[in-house]
Amino acid sequence: MSYQEAADLIVRAKNMYALTGAGMSTESGIPDFRSDTGYYKDMNSAEALSREVLLNDPDRFYHEGFRILTDLFNKEPNKGHKALAKLEEMGYLKGIVTQNIDNLHTLAGSKNVFEVHGHTRTAHCLSCGKSISFQEYVDRVVKEGEIPPRCSHCQGVLRPDVVMFGDMMPQAFQDAYTCMTSCDLLLVAGSSLQVAPVSYLPSMAKHLIIINKEPTPYDRQADVVLHEPIGKALTEIVALIEGEKK
Ligand code: NAD
């Protein structure tokens, strides 16, 4: 399977979306969960980054899972993020459904981004709902040593606006689901496709391109599968499309 086949599918599609996961950002220096160098090597993030642990064992939450959130600071979009932003700018890509919470698609210039696992721009109080910046939330833990950090207004417990294991899915997921009902091409990049309910979305698309270093459960259904680094593959595919337009 080739870059040219992927480029042809993209040019022909009328309603193309991308679905991205943690592998999208490893080239920006952020570990994923499940590859050899991922967080699962020394942590069960399904437990450490869960609503239950946040509420019942805050010491564990802030000494284990919290590291995944602070690792996201000061990271830059990579070639893969920029290639997807370019595809949207060229009119081929309608939007990105991302499981990532690192804000890197938006920083790369992508406009229509569905953050189905939340984001790390804000945190809020579980009692009164007051919202504060993510930086302030992190500072309260890291600089002030507050575990758990509490609301300055009502002393309720603060939590990040990311979707953790045990949380409900946000409106962004419903919006992404609606888009999938008319999606004729889904480009999956950097996801093991093992985290539900996002893992069901590829079954809704008419055509599928998968770019992932390791095999996924959808490889046999996909039109094009590239077991390659995302930055290289997407840059080459976009270059082919740009070349054809000239
Ligand atoms: P995952 O860790 O289960 O799978 C990542 C996949 O990406 C792996 O199969 C790996 O082989 C592949 N990969 C890694 N680097 C790659 C590269 N450069 N090129 C091609 N493929 C590459 O991740 P997931 O499916 O997104 O699910 C895990 C959950 O982890 C998600 O809910 C996500 O929110 C969360 N998470 C997010 C971040 C982030 O925001 N950057 C980081 C870690 C975890």
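Our structure is the block above this text.
Residues numbered from 1 in each chain as written. Predicted model: local features only at pLDDT ≥ 70, side-chain atom pairs only at ≥ 80, totals over all residues. Heavy atoms only, no water.

A. Structural detail: the pairing of strand β8 (residues 207-211). Within β8, four of the five residues are buried, leaving the element largely enclosed by the surrounding structure. Two elements, strand β7 (residues 185-189) and β8, share five bridges in a ladder whose sense is parallel. The residue bridging Leu185 from the neighbouring strand is His207, located in β8. Of the strand pairs in this sheet, β8 and strand β9 (residues 224-226) are connected by three bridges, and their pairing is parallel. If you follow Ile210 over to β9, its bridge partner there is Val225. (Buried < 20%, exposed > 50% of the residue type's maximum accessible area, 1.4 Å probe, protein only. Helix = DSSP H or I, 4+ residues; strand = E, 2+ residues; numbered from the N terminus. Pairing = 2+ DSSP bridges.)

B. Layout of the pattern of salt bridges. Applying the stated criterion to the full structure yields 10 salt bridges. We note a salt bridge from Glu136 to Arg140, for which the minimum N-O separation is 3.5 Å. Residue Glu136 and its partner Arg140 are both found in helix α8 (residues 134-142); the two are separated by four residues, about one turn of the helix. Here Asp139 ties to Lys143 by a salt bridge, and the two come within 3.9 Å at their closest N and O atoms. Shared partners join several salt bridges into a network, and the residues in it are Arg51, Arg159 and Asp167. (Salt bridge = Lys/Arg side-chain N within 4 Å of Asp/Glu carboxyl O.)

C. Expanded view of α8. Residues Phe134, Tyr137, Val138, Arg140 and Val141 constitute the buried set of α8. On an axial view of α8, the arc spanned by its buried residues comes to 155°, and they lie on one face. Taken together, the buried residues of α8 touch α4 (58-63), α5 (66-70), β4 (118-125), β5 (131-133) and β6 (158-162). (Arc of directions from axis to C-beta. Contact = heavy atoms within 4.5 Å.)

D. How the structure looks around the sheet that holds strand β2 (residues 93-98). One open sheet holds the six strands; their spatial order is β3-β2-β1-β7-β8-β9, and the pairing between them is parallel. Where the open sheet ends on each side, the last strands, each with one partner, are β3 (113-115) and β9. Averaged over all pairs of adjacent strands, the angle between their axes in this sheet comes to 15°, without regard to strand direction. Set on the sheet, helix α6 (residues 79-89) makes contact with β1 (16-20) and β2; between it and β2 the angle comes to about 145°. Where helix α10 (residues 230-245) meets the sheet, it contacts β7, β8 and β9, and its direction lies at approximately 130° from that of β8. (Axes fitted to C-alpha atoms, helices over the stretch in contact; angles between N-to-C directions.)

E. Examining the sheet that holds β5 more closely. The sheet built from three strands is open, its strands ordered β5-β4-β6 with antiparallel pairing. What marks the edges here is a single partner per strand, and that holds for β5 and β6. Across this sheet, the average inter-strand angle for adjacent strands is 40°, counted without regard to direction. Here β4 runs beside β5; their pairing, made up of three bridges, is antiparallel. Among the inter-strand pairings, Thr122 is bridged to a residue of β5, identified as Ser133. Most of the contacts of α8 go to β5, to which it runs at about 80°, and overall it touches β4, β5 and β6.

F. Expanded view of empty space enclosed by the protein. Applying the stated criterion across every chain yields a total of one cavity of 30 Å³ or more. Forming the boundary of the largest cavity are Thr98, Asn100, Asp102, Asn103, Leu104, His105, Thr106, Val113 and Glu115. Of all the secondary structure elements, the ones that give two or more residues to the lining of the largest cavity are α7 (104-108) and β3. At three residues, the largest contribution of residues to the lining of the largest cavity is made by α7. By residue class, the composition of the lining of the largest cavity is two nonpolar, five polar and two charged. (1 Å grid on protein atoms, 1.4 Å probe; cavity = no way out; pocket = protein on both sides within 12 Å on 5 of 7 lines; lining within 4 Å. Points joined across faces, edges and corners; volume = space filled by probe spheres on them. Nonpolar A, V, L, I, M, F, W, Y, C, P; charged D, E, K, R; others polar.)

Shape is all these values report; function is a separate question.
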